[in-house]
Amino acid sequence: PFMVLLAALKVLFCRLCDRTDIAVGSPIANRGREELERTIGFFVNTLVLRTYLKGNPSFREALERVKHSCLEAYAHPELPFGRLVDLLEAERDPGRSPLFGIMFVLQNTGKGRRLNLAGCEAEELRVIYDTAKFDLTFEMSDGEEDFSGEIEFNTDLYHPGTVRRLARYYKKLLCDACLDPARRLDDFDLLIP
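Residues numbered from 1 in each chain as written. Predicted model: local features only at pLDDT ≥ 70, side-chain atom pairs only at ≥ 80, totals over all residues. Heavy atoms only, no water.

(A) Quick peek at the overall build of the protein. Secondary structure assignment for the protein yields 4 helices and 7 strands. From first element to last, N terminus to C terminus, the protein shows the α and β order α-β-β-α-α-β-β-β-β-β-α. Buried residues in the protein amount to 34% of all 193 residues. Long-range pairs, those at least 24 residues apart, make up 62% of the contacts in the protein with a sequence separation of at least 6. For the protein, the computed accessible surface area is about 12800 Å², with 52% contributed by carbon and sulfur atoms. (Helix = DSSP H or I, 4+ residues; strand = E, 2+ residues; numbered from the N terminus. Buried < 20%, exposed > 50% of the residue type's maximum accessible area, 1.4 Å probe, protein only. Contact = heavy atoms within 4.5 Å. Areas by Shrake-Rupley, 256 points an atom, 1.4 Å probe, with all protein chains shown as cover.)

Shown next as structure tokens:
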């Protein structure tokens, strides 16, 4: 599901921005090493998932490209994002994230479910931030039967009405791609009646 949702997001921005080189950030938990498995702490790194969508591929082909870029990035999750920025000598701006402006997150931990811990009860609470960390953050949650999502956005760059339209375009593109994965990217109609 992560790769399908990410592919649809990349196709959306490919179409809206008329770009074929789409880089999106995504967090990854760094628990791949045996010696870290019993360690308590927050081991998260940011991966830059870059996909080239040149040549008007079908959605199925775009998904294969996204899968390839994800698997390549997953092979090196231990490289800290800050180190990657340094190695690439990316320009740093305190008001923007280097290398990507869109963050994509899939929460598959059962958001909103209660957690029982031997006499203790915990519940996830929604936190509302005053500032956006990225230009756009698409956060999807895997429910029991479907997916839900939220979009956090930089209000200096986006109007709430624009973000609502982005959400509708994304949902339509996902539905259309699932119905016809052989459809070429240029053939996806983003207009909503």
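Back to the write-up after that little detour.
(B) Highlighting the environment of Gly25. Relative to the assigned elements, Gly25 resides in strand 1 (residues 21–29). Residues Gly25 and Phe81 lie 56 residues apart in sequence; the distance between their C-alpha atoms is 9.9 Å. Discounting chain neighbours no more than four positions away, the residues touching Gly25 are Thr46, Leu47, Phe100, Ile102, Met103 and Phe104.

(C) Quick peek at the environment of Leu157. Tracing the backbone shows Leu157 in the loop between strand 7 (147–153) and helix 4 (160–179). We classify Leu157 as partly exposed; its relative accessible area is 45%. With 21 residues separating them in the primary sequence, Leu157 and Leu136 have C-alpha atoms 9.3 Å apart. Residues in contact with Leu157, not counting those within four places in the same chain, are Arg96 and Asp135.

(D) Spotlight on the packing of helix 1 (residues 2–17) against helix 2 (residues 59–74). In contact at an axis separation of 9 Å, helix 1 and helix 2 are set at 115 degrees when each is read in the N-to-C sense. In terms of their interaxial angle, helix 1 and helix 2 are classed as roughly perpendicular. When the axes of helix 1 and helix 2 are compared, the crossing they make is right-handed. Only Phe59, Ala62, Leu63, Val66, Lys67, Cys70, Leu71 and Tyr74 of helix 2 make contact with helix 1, whose side of the interface consists of Phe2, Met3, Val4, Leu6, Ala7, Ala8, Lys10 and Val11. (Axes fitted to C-alpha atoms, helices over the stretch in contact; angles between N-to-C directions. Parallel < 35°, antiparallel > 145°, perpendicular 65-115°, else oblique. Left-handed = near helix turned anticlockwise from the far one by under 90°.)

(E) Representation of the side chain of Asp176 in the model. With respect to the element layout, Asp176 can be found in helix 4. Leave out the neighbours within four places in its chain, and Asp176 touches Arg183, Phe188 and Asp189.

(F) Main features of the pattern of salt bridges. Per the stated rule, a full pass over the model turns up 5 salt bridges. Ionic pairing is found between Arg184 and Glu61, a salt bridge with its closest N-O pair at 2.9 Å. In this pair, Arg184 sits in the segment after helix 4 while Glu61 sits in helix 2, placing the two residues 123 residues apart along the sequence. Judged by relative accessible area, Arg184 falls into the partly exposed class, the value being 35%. When salt bridges with common partners are traced through the structure, they connect Lys172, Asp176, Asp180 and Arg183 into a single cluster. (Salt bridge = Lys/Arg side-chain N within 4 Å of Asp/Glu carboxyl O.)

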